[in-house]
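As a plain string of letters, each chain reads:
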Amino acid sequence: MQNTNPAAASTVKSGSDITLPDVKGHFGPYGGRFVAETLMGPLEELTQAYEHYLKDPEFLSELNYELKHYVGRPSPLYHAKRWSEMLGGAQIYLKREDLNHTGAHKVNNTVGQALLARRMGKTRIIAETGAGQHGVASATVAARLGLECVVYMGSEDIKRQSTNVFRMKLLGATVVPVEAGSKTLKDALNEAMRDWVTNVDNTFYIIGTVAGPHPYPAMVRDFQAVIGREAREQCLDMTGRLPDALVACVGGGSNAIGLFHPFIKDKTVEMYGVEAGGEGIETGHHAAPLTAGSPGVLHGNRTYLMEDEDGQIIETHSISAGLDYPGVGPEHAWLKDIGRAQYVAINDDEALAAFHTLTRIEGIMPALESSHALAYTEKLAPKMSREKIILVNLSGRGDKDIQTVAALKGITL
Amino acid sequence: MGRITECFEALKAANHKALIPFITAGDPSPEVTLPLLHTLVENGADIIELGVPFSDPMADGPVIQRSTERALKHNIGLHNVLDIVSEFRKTNKKTPIILMGYLNPVEIMGYGKFAKQASAAGVDGILVVDMPPEESDELQSELKQYGIDQVFLLAPTTSDKRLAEICSKASGFLYYVSLKGVTGSNQLNIEEVAGKIAHIRNLTGLPVGVGFGIKDASSAKSVSAFSDAVIVGSSLVNLIADLADKTDRMITEAGKFIAQLRMAIDAPH
């Protein structure tokens, strides 16, 4: 390696070695652009702007400045020694995205898209949110750049995540409750799309995950790949070698693809995406389309979905609002089919147990989303020898979840 | 020649414009759809757009969203919609039926199976809202084998380059979305739409219909002055929703509403 300085890895460079998607946004049979005609022109305009600015040194320097001074990058790579010792197997390193400004990886992407919005002359940004982390990250950068911000959120999620709702309002955003369908993330996405098609002249839609019509899956990945670039160099720097396995939770899949992507060509590095198994795959109450779903078309792209035999999208279940989504980014669908990444599911109770373990053993309170990745790591680590390295994306902090955890214990805060 | 093209040619020869109402299949209940279809035809509908319920109708406003939810309470899926069309065809061999909906139900049935079954049921065209021409080659080749037209949308945001590409792939007619927004919006600018339609006519010989934002006899009349077809959805669906628990009256009122539009469109301009 010519450069093992983590600070260098946290900068976004142009002309990366991305070969997929193709020009129409396809990852093999997945991805694409399945939207109503009104959005085809705006998506083409966005694609051109994104491709242009990702090669523009001035834009990249602005983005890198914000990532360093506003977000606080690079985020540390932390050797969880006590936890590794407890599990008695592989050494576990946590990529601390929970330490970013706003407390999760979501801000890497919102900073990028909001700067792009400003370059495109858009004065209003809209976003969908599930757990509220992407909504908070969008409202935050909107405040930072002086842009109007409207966040769509399912009314069920609003009940589950009242702290984040208040946080968004404090930041000056308008939070619109969505009462349609299952009243969760997928319905918030539908409503944001409807807003965008109506206000397309002045509005930029910041999608929070690696799903949606092209160019979103590629663009969000490129903004999140800073996670994997940093982690790769930090791991080499701290241990002199690459990790043996990567583990990340997968809802839409943005933190996972952000970690995985810079390692795709490192064939010795295994990748595990952890979906929400809810009450158990066998109960049908889960949010694990890669584990137990089938391919279909939703929200502008072809990917694995939770659907019935009529092609209707079915309601999902997860303890974590951020994973409660019936689809998944098309690049994950592709990585699954070609066998480059493996996708597994962790149930609610397993995730909850891992939440408590990490909090007590390492003094780090993880988000319930990230706890799914931690719970799988607890299964994986003991099977590996002590010289092996598992690198886990700790995608967000758990402060937002303490009410959920308290309620499960029958405690009212 | 398919029923859609036959229909437009006959109307053109008579110097008439097409009236195309939209209803969601199975809304408010499955047994109402067939009598509603016949009433729409008896009162002047030339072509019918029959909505296929989908759980995530991303391009629809609240009125059509709720109609979809009512239909889904009865678990109305694509195969039920095809059954309804088969029933309709037993007594009506003439009025073209276009299915309108989202891709996933068709995707799950399979393109080949869908084309075959839709053709057998008597479907004449399909408009897949979230399937632009760029993604439609595979479906289109299946549809062509069975003579089913694929109707595409044109929008105010469609560039001239795309316009030409879409015109080259479309058959039956073109559906111009009169405004930026979802179904049921209320911001129709007649002059602007007239200008766009004139421009589209320079690029294609296909009939051009206009939908979105047409609420009543007056807007239907204005739009029919410069288009080949007037498409009315949310106002009709609203009327159906209001009378959901009074089936007989709902069917009568839906018929009256279509008759009013018919009269307005046919009156001398």
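On a predicted model such as this, the values are computed, not experimentally measured, just so you know.

Asks: Explain the confidence of the model for chain B to me, please; I cannot follow it from the model alone.
Replies: Where the model shows low pLDDT, its predicted coordinates should not be examined in detail. Taken as a whole, chain B shows an average pLDDT of 95; of its residues, 100% reach a score of 70 or greater. Quick note on the complex model: pTM equals 0.95, ipTM equals 0.95.

Asks: So what exactly am I meant to see when it comes to the pairing of strand β10 (residues 270-278) of chain A here?
Replies: Look at any regular strand and the pattern is simple: side chains alternate between the two faces of the sheet. Residue and element names in this part refer to chain A. In terms of burial, β10 is largely enclosed, as eight of its nine residues are buried. Alignment of strand β9 (residues 245-249) against β10, held across five bridges, turns out to be parallel. Looking at the pairing, Ala248 lines up with Gly273 of β10. With helix α12 (residues 254-260) bridging β9 and its parallel neighbour β10, the resulting β-α-β unit is right-handed.

Asks: Mind showing me how you'd approach the interface of chain A and chain B here?
Replies: Often, the extent of an interface is quoted as the loss of accessible area on bringing the components together. On the side of chain B, 38 residues touch chain A, which itself brings 39 residues to the contact. The contact between chain A and chain B buries some 2,900 Å² in all, and 50% of this surface belongs to carbon and sulfur atoms. Joining chain A to chain B, the criterion identifies four salt bridges. Across the salt bridge formed by Asp56 of chain B and Lys186 of chain A, the nearest N and O atoms sit 2.9 Å from each other. The interface formed by chain A and chain B includes 22 residue pairs in polar contact (both at pLDDT 80 or more).

Asks: I would appreciate a short explanation of the sheet that holds strand β1 (residues 26-27) of chain A in the present structure.
Replies: Backbone hydrogen bonds are what pair the strands of a sheet, in a parallel or an antiparallel way. All names here are of chain A. Reading across the sheet, the four strands line up as β1-β2-β12-β11 and stay open at both edges, with antiparallel pairing between neighbours. Of all strands in the sheet, those with a lone pairing partner are β1 and β11 (294-298), marking the two edges. Lying over the sheet, helix α14 (residues 330-337) contacts β1, β2 (30-34) and β12 (300-305), oriented at roughly 45 degrees with respect to β12.

Asks: Which parts of the structure should I look at to understand the side chain of Thr68 of chain B?
Replies: Residues and elements named next belong to chain B. Mapping Thr68 onto the fold places it in helix α3 (residues 62-73). Judged by relative accessible area, Thr68 falls into the buried class, the value being 6%. Those residues in contact with Thr68 that sit more than four places away from it in its chain are Thr24, Pro53, Phe54 and Pro57.

Asks: How do you make sense of the nonpolar core when you look at a structure like this?
Replies: Grouped burial of nonpolar side chains is what soluble globular proteins tend to show. Judged by nonpolar contacts, the single largest core of 93 residues is most densely connected at Leu116 and Tyr205 of chain A together with Phe173 and Tyr175 of chain B. Of all the elements, helix α9 (residues 185-198) of chain A adds the most residues to this core, at seven residues. Residues within four places of Tyr175 of chain B in sequence aside, it is in contact with Glu49, Met100, Leu127, Val151, Phe152, Leu153, Leu154, Gly209, Gly211, Phe212 and Ile231 of chain B. Residues Leu36, Phe88, Met131 and Leu154 of chain B belong to the second largest nonpolar core, which totals 68 residues.

Asks: Can you walk me through the packing of helix α5 (residues 106-119) of chain A against helix α6 (residues 133-145) of chain A in this structure?
Replies: The relative placement of two packed helices comes down to the angle between their axes together with the axis-to-axis distance. Residue and element names in this part refer to chain A. In the contact formed by α5 and α6, the axes pass within 9 Å of each other and the chain directions differ by 40 degrees. Relative to α6, α5 is oriented oblique. Viewed along their axes, α5 and α6 form a crossing whose handedness is right-handed. Where α5 abuts α6, its residues Lys106, Val107, Asn109, Thr110, Val111, Ala114, Leu115 and Arg118 lie against Gln133, His134, Ala137, Ser138, Val141 and Leu145. Counted by class, the contact of α5 with α6 contains seven nonpolar, five polar and two charged residues.

Asks: How should the pattern of salt bridges be read in this particular structure?
Replies: A side chain with one charge can pair with a side chain of the opposite charge if their charged atoms come near. All names here are of chain B. What the rule picks out here adds up to 40 salt bridges over all chains. With a closest N to O distance of 2.8 Å, Arg201 and Asp228 form a salt bridge. Residue Arg201 is found in helix α9 (residues 190-201), and its partner Asp228 is found in the loop between α10 (217-224) and β9 (229-232); the two are separated by 27 residues along the sequence. A relative accessible area of 18% places Asp228 in the buried class. Of the charged contacts in the structure, one is a salt bridge between Lys256 and Glu253, with a shortest N-O distance of 3.4 Å. Residue Lys256 and its partner Glu253 are located together in helix α12 (residues 247-266), separated by three residues, close to a single helical turn. For Lys256, a relative accessible area of 45% corresponds to the partly exposed category.

Cut-offs applied
Throughout this document, residue positions are counted from 1 along each chain, in the order its sequence is written. Each chain is given a letter, starting from A, and each ligand a number, starting from 1, according to the order in which they appear as written. Only residues with pLDDT of at least 70 are given local features in this predicted model, and only at 80 or more are side-chain atom pairs given and counted; all residues enter the totals for whole chains, interfaces and linings. With hydrogens and water set aside, each side-chain value is computed from the structure's full complement of heavy atoms. For every residue, the predictor reports its confidence as pLDDT, a number between 0 and 100. Burial classes follow relative accessibility: with a 1.4 Å probe on protein chains only, a residue under 20% of its type's maximum area counts as buried, one over 50% as exposed, and anything between as partly exposed. Each helix is a run of DSSP H or I of at least 4 residues and each strand a run of E of at least 2, with the numbering of both proceeding from the N terminus. We treat two strands as partners when DSSP finds at least two bridges between them. Handedness of a crossover is defined as follows: orient the strands so they point away from the viewer, and if the path from the first strand over the helix to the second runs clockwise, the crossover is right-handed. We call two residues contacting when some pair of their heavy atoms lies within 4.5 Å. Buried area is a sum: the accessible area each of two parts loses on coming together, probed at 1.4 Å, counted once for each and added. Only one rule defines a salt bridge in this text: a Lys or Arg side-chain nitrogen within 4 Å of an Asp or Glu carboxyl oxygen. A 3.5 Å cut-off defines polar contacts: any pair of N or O atoms within that distance qualifies, except that in protein one atom must be a possible hydrogen donor and the other a possible acceptor, and neighbouring residues in sequence count only when both atoms are side-chain atoms. The convention used is that axes are lines fitted to C-alpha atoms, helices contributing only their stretch in contact, and that angles between N-to-C directions extend from 0 to 180 degrees. Each nonpolar core is a collection of buried residues, namely Ala, Val, Leu, Ile, Met, Phe, Trp, Tyr and Cys, held together in the definition by side-chain atoms within 4.5 Å. These descriptions rest on fixed angle ranges, namely under 35 degrees for roughly parallel, over 145 for roughly antiparallel, 65 to 115 for roughly perpendicular, and the rest for oblique. Each crossing gets its hand from how the near helix is turned against the far one by less than a right angle, where anticlockwise is left-handed and clockwise is right-handed. Each residue gets one of three labels, nonpolar for Ala, Val, Leu, Ile, Met, Phe, Trp, Tyr, Cys and Pro, charged for Asp, Glu, Lys and Arg, and polar for the others, Gly among them.

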